[in-house]
Amino acid sequence: QVQLVESGGGLVQAGGSLRLSCAASGRTFSSYVMGWFRQAPGKEREFVAAIRRIGGGKYYADSAKGRFTISGDNAKNTVYLQMNSLKPEDTAVYYCAAAATAAWNIMEVTTYHYWGQGTQVTVSS
């Protein structure tokens with residue numbers, strides 16, 4: 001079992017920044033991939049970014065490239081999502097997720113086995 005807890009969400013103005021954190025506990029050695037997804041009202045949950053525990057490969061959605069940075073601290077069992085130049089369209093609940101198996105389809109929701117409760121990010125215009 002892996003437990004995930006997100007933090008760092010909040011209300012910011014357009015152009016501002018936030019850093020989201022995801023603290024993992026439990027059998028964290030089973031977390032091969034850590035990812036961030038987001039879901040806005042009335043929309044499907046969409047991939048934002050992911051990082052592999054071994055190798056550190058990073059992956060980003062087109063909407064995140066150049067603005068968001070994912071990073072991890074294995075010693076602390078924590079992953080981060082630094083979000084800069086935020087836009088109103090970034091408004092969503094952001095979820096941390098963990099995959100217990102090395103996966104090819106790293107951008108797919110179904111790849112992930114564990115999910116946090118989510119943290120709200122609201123960007124005002």
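Right above here is the structure, for reference.
Because the structure is a prediction, the values reported are computed rather than measured.

Participant: Looking at this model, I keep getting lost on the sheet that holds strand S8 (residues 78-83). Mind explaining?
Facilitator: For sheets, the rule is that strands pair by backbone hydrogen bonds, running either parallel or antiparallel. Taken in spatial order, the four strands line up as S1-S3-S8-S7 in an open sheet, and their pairing is antiparallel. Strand pairing shows two members of the sheet lacking a second neighbour, strand S1 (2-7) and strand S7 (68-73), which therefore form its edges. Strand-to-strand twist of the sheet, defined as the mean angle between neighbouring strand axes without regard to direction, takes the value 15°. In the sheet, S1 pairs with strand S3 (residues 18-26) via six bridges, with the strands oriented antiparallel. Across the sheet, residue Val-2 finds its bridge partner in S3, namely Gly-26.

Participant: Even after reading the chapter, I still don't get the pattern of salt bridges, so can you show me in this structure?
Facilitator: Side chains that differ in charge, positive against negative, can pair when their charged atoms come close. Scanning all chains against the criterion turns up four salt bridges. Between Arg-67 and Asp-90 there is a salt bridge, with its nearest N and O atoms 2.7 Å apart. In this pair, Arg-67 sits in the loop between strand S6 (58-60) and S7 while Asp-90 sits in the loop between S8 and strand S9 (92-99), placing the two residues 23 residues apart along the sequence. Asp-90 carries the same exposure label as Arg-67, and that label is buried. Look at the salt bridges and you will find they share partners, linking Arg-38, Glu-46, Arg-67 and Asp-90 into a network.

Participant: For this particular structure, what's the right way to read the layout of surface pockets?
Facilitator: By rolling a water-sized probe across the atoms, one finds the places where empty space is left. Empty space within the largest pocket amounts to approximately 240 Å³. Residue lining of the largest pocket: 18 residues in total, with Met-34, Arg-53, Asn-74, Asn-77 and Val-79 positioned closest to the centre. Residues of the lining of the largest pocket, tallied by class, amount to eight nonpolar, seven polar and three charged.

Participant: Explanation requested: the pairing of strand S5 (residues 46-52) in the structure shown.
Facilitator: For a regular strand, side chains alternate in direction, first toward one face of the sheet and then toward the other. With five of seven residues buried, S5 is to be regarded as a mostly interior element. Alignment of strand S4 (residues 33-39) against S5, held across six bridges, turns out to be antiparallel. Bridge pairing links Met-34 to Ile-51 in S5. Connecting S4 to the next strand, S5, in antiparallel fashion are six residues, including Gly-42 with a positive phi near 75°. Here three bridges tie S5 to S6, and the two strands are oriented antiparallel to one another. The residue of S6 that forms the bridge with Ala-49 is Tyr-60. Between the antiparallel neighbours S5 and S6 lie five residues, among them Gly-55 with a positive phi of about 100°.

Participant: Can you help me understand the state of the cysteines in this one?
Facilitator: Working definition of a disulfide: a covalent bond connecting the sulfur atoms of two cysteines. A complete count under the given rule lists one disulfide for this structure. One disulfide bridge connects Cys-22 with Cys-96, the sulfur atoms lying 2.0 Å from each other. The chirality of the disulfide connecting Cys-22 with Cys-96 is left-handed, given an S-S dihedral of about -80°. Taken together, the positions of Cys-22 in strand S3 and Cys-96 in strand S9 put the pair 74 residues apart, joining distant regions of the chain.

Rules used throughout
- Residues numbered from 1 in each chain as written.
- Predicted model: local features only at pLDDT ≥ 70, side-chain atom pairs only at ≥ 80, totals over all residues.
- Heavy atoms only, no water.
- Pairing = 2+ DSSP bridges.
- Helix = DSSP H or I, 4+ residues; strand = E, 2+ residues; numbered from the N terminus.
- Axes fitted to C-alpha atoms, helices over the stretch in contact; angles between N-to-C directions.
- Salt bridge = Lys/Arg side-chain N within 4 Å of Asp/Glu carboxyl O.
- Buried < 20%, exposed > 50% of the residue type's maximum accessible area, 1.4 Å probe, protein only.
- 1 Å grid on protein atoms, 1.4 Å probe; cavity = no way out; pocket = protein on both sides within 12 Å on 5 of 7 lines; lining within 4 Å.
- Points joined across faces, edges and corners; volume = space filled by probe spheres on them.
- Nonpolar A, V, L, I, M, F, W, Y, C, P; charged D, E, K, R; others polar.
- Disulfide = S-S within 2.5 Å.

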